[in-house]
Amino acid sequence: MAEPATTDAPAVDTAAPDGWTVPAARPDVPGTDAGFVAPPSLADFGELARAVLPPEVWDFVNGGSGTETTLAANRAALDRVAVLPRVLTGVDTPGTEATLPGGSFAMPVAVAPMAYQKLLHPDGEVGLAAAARAAGVPYVASTLGSTPIEEVTAAGGPVWFQLYWLRDRGMVADLLDRAQAAGCTALMVTVDVPVLGRRLRDARNGFALPPHVTAANLPGGRNDLAHQGTPGVSAVAVHTGAVFAPALSWADLAWLRERTPLPLLVKGILDPRDAVLAAETGVDAVVVSNHGGRQLDGAPATATVLPEVVAAVGERCAVLLDSGVRSGSDVLRALALGASGVLVGRPMLWALAAGGRAGAEAALALLAAELRDALTLAGCADPAAARQLRTLVGD
Ligand code: FNR
């Protein structure tokens, strides 16, 4: 971590490509007292991360499946959504607070569940969870975390647990019990990974986890497989193939709904018919997600299908969106298309890589500031007003 700078000119402590640098702390700038000054955009965190990460880790984080068609489509679809701002609404400083399953939060954003965060920085899951707590947003802890769920919830703050369905139903039940005992306040079951998508970058890199990064919530869960590097093969894919259950069904979701009193979210919904089935099963929210373009290549962009899903479920449950969200304007776009909130994925890993917990705090502070500006520019007093905005979707 950089020492606090004493002048207005940010000191430089780490070289990065193309003229970007990791600036030292600016104790004179509100919100940066944790010692990290955000670059101007979340995308710039990506450049900082690329400079410090081993290439195969960068690829693991940023890659998609197949030809990465869906990965690219996510961004293109968000870019095509134009939001019609309202004027003369008398809004001065909008509030960003929003209701998501399980409570009211500082903004309609949660940190997406992402595996193996110690790959990025020693702060890992605890660092990102602490950053989410500071920002007042939920942190979603992955089944494939490299830190046990109990240590993550000890960081305080609202933590949701993301469940992958494992072949061993006893292990699923154990995980649920552990998550609840640890104080998780919602459960998010991911349903778009019957097998891992074909991540060609990982296969080409023969990607395997380094010894210090392991699936800490799954002791005894064939963790050895994720560490066995083989040329042309992703060890992470081999590991998930061995432990994930491919044949999850609606009956399993109903079992889960029965078993947990926690708010339940289903992540990985794209077809409105599935959204309706999920709502009828009693979930509190569906997350319109294609896993950031990492699962079915050729699946649609999430912004493209979101309006149909919102229309299909009506008031029966909330609808969140992820995959490609990179700014406060993107959050506004999702709200205007009818979402209650978003999950942010890769940008949080970039920020973690660039500056550990302080980097992640800076990224979430930046996103909050961007959202406030976007709401102001659109004439909205709060996220609920943004859901009344009209959109035009270009070609
Ligand atoms: C993920 N994602 C994911 N999802 C999940 O339910 N459980 C998990 O363990 C993971 N792991 C994971 C690792 C990495 C490195 C990435 C990039 C993504 C998917 C994640 O929750 C989310 O759906 C996408 O990342 C959203 O897209 P963006 O914001 O990254 O474009």
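Quantities reported herein were computed from a predicted structural model and do not represent experimental measurements.

Draft legend 1. Summary view of helix α6 (residues 169-182). Taking 1.5 Å of rise per residue, the 14 residues of α6 would be expected to cover 20 Å, and the 20 Å separating its terminal C-alpha atoms lies within 8% of that figure. Regarding α6, the residues found buried are Val172, Ala173, Leu175, Leu176 and Ala179. All buried residues of α6 fall inside an arc of 160° around its axis, so they share one side. Residues of α6 that are buried in the fold lie against β8 (159-163), β9 (186-190) and α10 (250-259). Near the N-terminus of α6, the side chain that reaches the backbone nitrogen of Gly170, with its oxygen 2.9 Å away, is that of Asp168. Phi for Gly183, located one or two positions after α6, is positive at around 100°.

Draft legend 2. Structural detail: the packing of aromatic side chains. On inspection of all chains with the given rule, the structure shows 5 aromatic pairs. The interplanar angle of 75° and the centroid separation of 6.1 Å between the aromatic rings of Phe105 and Trp160 together place this pair among those described as edge-to-face. Highlighted residues: Phe105 in strand β5 (residues 103-105) and Trp160 in strand β8, separated in sequence by 55 residues. The pair Phe105 / Trp160 is uniform in exposure class, with both members buried. Over the ring of Phe60 we find Arg294, and its NZ or CZ is 5.3 Å from the ring centre.

Draft legend 3. Spotlight on the site of the ligand. Inspection of the region around the ligand gives 22 residues, with Pro113, Ser142, Thr190, Asp322 and Arg326 positioned closest. One nitrogen or oxygen atom from the side chain of Thr190 is found 2.7 Å from an oxygen atom belonging to the ligand. Gly345 is positioned such that a nitrogen or oxygen atom in its backbone is 3.0 Å from an oxygen atom of the ligand. Considering the ligand on its own, with 600 Å² of exposed area, one finds that the protein chains cover 98% of that surface.

Draft legend 4. Quick look at the packing of helix α2 (residues 55-62) against helix α14 (residues 346-377). Between α2 and α14, whose axes approach to 10 Å, the crossing angle comes to 155°. Between α2 and α14, the interaxial angle falls into the category roughly antiparallel. Contact residues: α2 offers Trp58, Val61 and Asn62, while α14 offers Arg346, Leu349 and Trp350.

About the thresholds
Residues numbered from 1 in each chain as written. Predicted model: local features only at pLDDT ≥ 70, side-chain atom pairs only at ≥ 80, totals over all residues. Heavy atoms only, no water. Helix = DSSP H or I, 4+ residues; strand = E, 2+ residues; numbered from the N terminus. Expected span 1.5 Å × (residues − 1). Buried < 20%, exposed > 50% of the residue type's maximum accessible area, 1.4 Å probe, protein only. Arc of directions from axis to C-beta. Contact = heavy atoms within 4.5 Å. Polar contact = N/O pair within 3.5 Å; in protein donor to acceptor, adjacent residues only side chain to side chain. Phe/Tyr/Trp six-rings, centres within 6.5 Å; stacked < 30°, edge-to-face > 60°. Lys NZ or Arg CZ within 6 Å of the ring centre and 35° of its normal. Near = heavy atom within 4 Å. Areas by Shrake-Rupley, 256 points an atom, 1.4 Å probe, with all protein chains shown as cover. Axes fitted to C-alpha atoms, helices over the stretch in contact; angles between N-to-C directions. Parallel < 35°, antiparallel > 145°, perpendicular 65-115°, else oblique.

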